[in-house]
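Commentary on secondary and tertiary structure
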Amino acid sequence: MLSLRARLAVAAYVLLTWPVMTAFLFGPLAVLVAAGRPRERRTWLWLIALTLWLALWAAQPGGLVEELARAAAVLSTGIGVLFLLLSSGSVSTRALRATGAVAAGTAALAAVIGVRWEDIEFAVVHQGMLAQRIALEMAHRVGVDPDPALLEGMGERVRALAPLFPGYLALVAFVGLCLAALVAPRISGRAVAPVAGSFNRFRFSDHLVWLVILGLLGTLVAGDTPAAGPAGSLLVFGAGLYALRGLAVLTTALTFAPVMFNVLLVIGALFLFPFAAGGLTLLGLADTWLDFRRRIAPPPPGGLDP
């Protein structure tokens, strides 16, 4: 059975990626469940439900953003699962290799069909404007007149974040593969890939700090050149990994904290998300050198060492 924390993580992932990018979890999960050779009725029901959802997902129309996400999700379901099954190392290590392969495959596919980075940025901005228009129409229907300055600020944020979309997509693919490896054995009752360990022990090679360094340097140096988008996406992916690592450190430190304190902390982080994400990233980066979880490990049974 999944722990409460794991269930909340899956629920948060589905909520944040619904509807198109949820396939980064459901696709690999369906393949891993099928690879476990389901025998029980409950497992078959899960597999049928996942397959039906994926069929409906594939049939939905969409623009360039949706098609890019679909192509990456298909590659993650195929190539990504192969890396989970056949490569070596922990689940996170395998998922990182898979994410790199999926990113390379998606970039190659985009190059073959003639999709440029600028086209992706424009499509993301267009989607943001469409969402803004829908929100404005809904506000008028309920008799609310939004502040024009607020709408203009939202548009500026969408334009600023558009070049970073591929990095966010890669991070979604990585987390989806890790969650699929965590959930699949609980559904099928058989582990065909390494079972994901406790999130408290989540870590990866310290050499990946170069993702953040190179992404930051590229962002500072590139300016308005075509290299700015790829550098920004590299920074987003690297910072996202270290934010997850920082969250693992914080989760370890708060293991024995009161439940209400943790709940209030989560609520506060949601309201101050940019600051919380930045703090977790810095904590994850610091963990590279300081290894906080070793320092806060519980004492051995029997009390303190003499």
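Now for a quick tour of the structure.

Let's shift gears to the environment of Thr51. Note that Thr51 resides in helix H3 (residues 41-59). As for Thr51 and Glu67, which are separated by 16 residues in sequence, their C-alpha atoms are 19 Å apart.

It is worth spelling out helix H8 (residues 165-188) at this point. Helix length check: H8, at 24 residues, gives a terminal C-alpha distance of 34 Å against a target of 34 Å (1.5 Å per residue), a fit within 8%. Along H8, the helix axis deviates most sharply at Leu182, where the bend reaches about 25 degrees; the proline Pro185 sits within four residues downstream. Burial within H8 is extensive, with 21 of its 24 residues counted as buried. With its phi angle positive at about 75 degrees, Gly189 sits one or two positions after the end of H8.

Within the element layout of this structure, Thr281 appears in helix H12 (residues 273-290). Separated by 34 residues in the primary sequence, Thr281 and Leu247 have C-alpha atoms spaced 8.4 Å apart. Sequence-distant contacts of Thr281, that is, excluding residues within four places in its chain, are made with Ala239, Tyr242 and Ala243.

About the criteria used
Residues numbered from 1 in each chain as written. Predicted model: local features only at pLDDT ≥ 70, side-chain atom pairs only at ≥ 80, totals over all residues. Heavy atoms only, no water. Helix = DSSP H or I, 4+ residues; strand = E, 2+ residues; numbered from the N terminus. Expected span 1.5 Å × (residues − 1). Bend = angle between axes of the 7 residues up to and from the residue. Buried < 20%, exposed > 50% of the residue type's maximum accessible area, 1.4 Å probe, protein only. Contact = heavy atoms within 4.5 Å.

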